[in-house]
Structures are given as C-alpha cells and as structure tokens.
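Observations on chain architecture
These are the residues of each chain, in order.
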Amino acid sequence: ADRGGLDGSHPCLKCPLSGVQMTEPVLCKVDGSTYGRRAIEEWIAVHGTSPHNHQHVTRRDLIPDHALRESIGLIRALKAQHSNALRRLKVSEFAAEVADDMVEASRRTNE
C-alpha cells in the first residue's frame, strides 16, 4: 500500500549512490545533487569526481542539506506515531473481541 513515502521508499529520501534512505544528506555544490554523506565521501575518495557530471569534486564541495535532514526526521517521527497508533488500535480491537467473547460466554452460562 502506498503510504506517501512514510515507509522511506520515496526516491528523494534515498541516496542515488547507495540506494538507501539518507540519514546525513549533503548537497554537492559541483553537481547540485544530494547524497548520503558516507556514500559520496567514499565515491570522492575513489573517483575524485561527481558521479553525476564527472567534474572534479572534493569533500569541501559538500554542504549539509539541513532541510532534507529535518524532513527525513519528521517523516521518521510520523512513521513512529503511525506505527504506535496502529499498535494501539490493534490492542483495542483485540480487547473488544475478548470482551465480546466474555459477554457471549456469560450469556451461554446464564441460559
């Protein structure tokens, strides 16, 4: 089911190099793309160029993407709230089923 990216699957949340959700996104001044810090630093150490446009790049060309990092944090918080709400709903549904079963058993006993 589509959860509008709450599961972390939205492409803008994933590092184009590693394919996993970014935890420390950085903007590369050389190509304008955002990457996960670890993935782009490893790429730069090996290649010394942008994976996007192949221009020379260094770690100094990386700027923390605070807005995206905050958005990812908010999405994680919403996901946790959503999970907790579902958990409480399931417990409530289970409690209601148990109560219904107890009422039904009581009726059978009193018949």
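Before any of the text, the structure's been laid out above.
Quantities reported herein were computed from a predicted structural model and do not represent experimental measurements.

Some remarks on the overall build of the chain
If you tally the helices and strands in the chain, you get 2 helices and 3 strands. Per-residue burial for the chain yields a buried fraction of 23% across its 111 residues. At a minimum sequence separation of 6, the contacts of the chain that also span at least 24 residues come to 43%. For the chain, the accessible area works out to roughly 8,000 Å², and carbon and sulfur atoms hold 54% of it.

Looking at the nonpolar core
Ranked by internal contacts, the top residues of the largest apolar core, which has 13 residues, are Ile 40 and Leu 62. Where this core is concerned, the elements lending two or more residues are β1 (25-28), α1 (37-47) and α2 (66-110).

A look at the pattern of salt bridges
The tally for this structure, following the rule as stated, stands at 3 salt bridges. A salt bridge links Glu 24 to Arg 37, with the shortest nitrogen-to-oxygen separation between them at 2.8 Å. In this pair, Glu 24 is assigned in the segment before β1 and Arg 37 in helix α1, connecting sequence segments 13 residues apart. As a salt-bridge pair, Glu 41 and Arg 59 come within 3.3 Å of each other at their nearest N and O atoms. A residue pair is termed long-range when its members are at least 10 positions apart, and Glu 41 in helix α1 and Arg 59 in the loop between α1 and β3 (62-64) qualify at 18 residues. Among the charged side chains, a network of salt bridges with common partners joins Glu 24, Arg 37, Glu 41 and Arg 59.

What counts, and at which threshold
Residues numbered from 1 in each chain as written. Predicted model: local features only at pLDDT ≥ 70, side-chain atom pairs only at ≥ 80, totals over all residues. Heavy atoms only, no water. Helix = DSSP H or I, 4+ residues; strand = E, 2+ residues; numbered from the N terminus. Buried < 20%, exposed > 50% of the residue type's maximum accessible area, 1.4 Å probe, protein only. Contact = heavy atoms within 4.5 Å. Areas by Shrake-Rupley, 256 points an atom, 1.4 Å probe, with all protein chains shown as cover. Core = buried A, V, L, I, M, F, W, Y, C linked by side-chain atoms within 4.5 Å. Salt bridge = Lys/Arg side-chain N within 4 Å of Asp/Glu carboxyl O.

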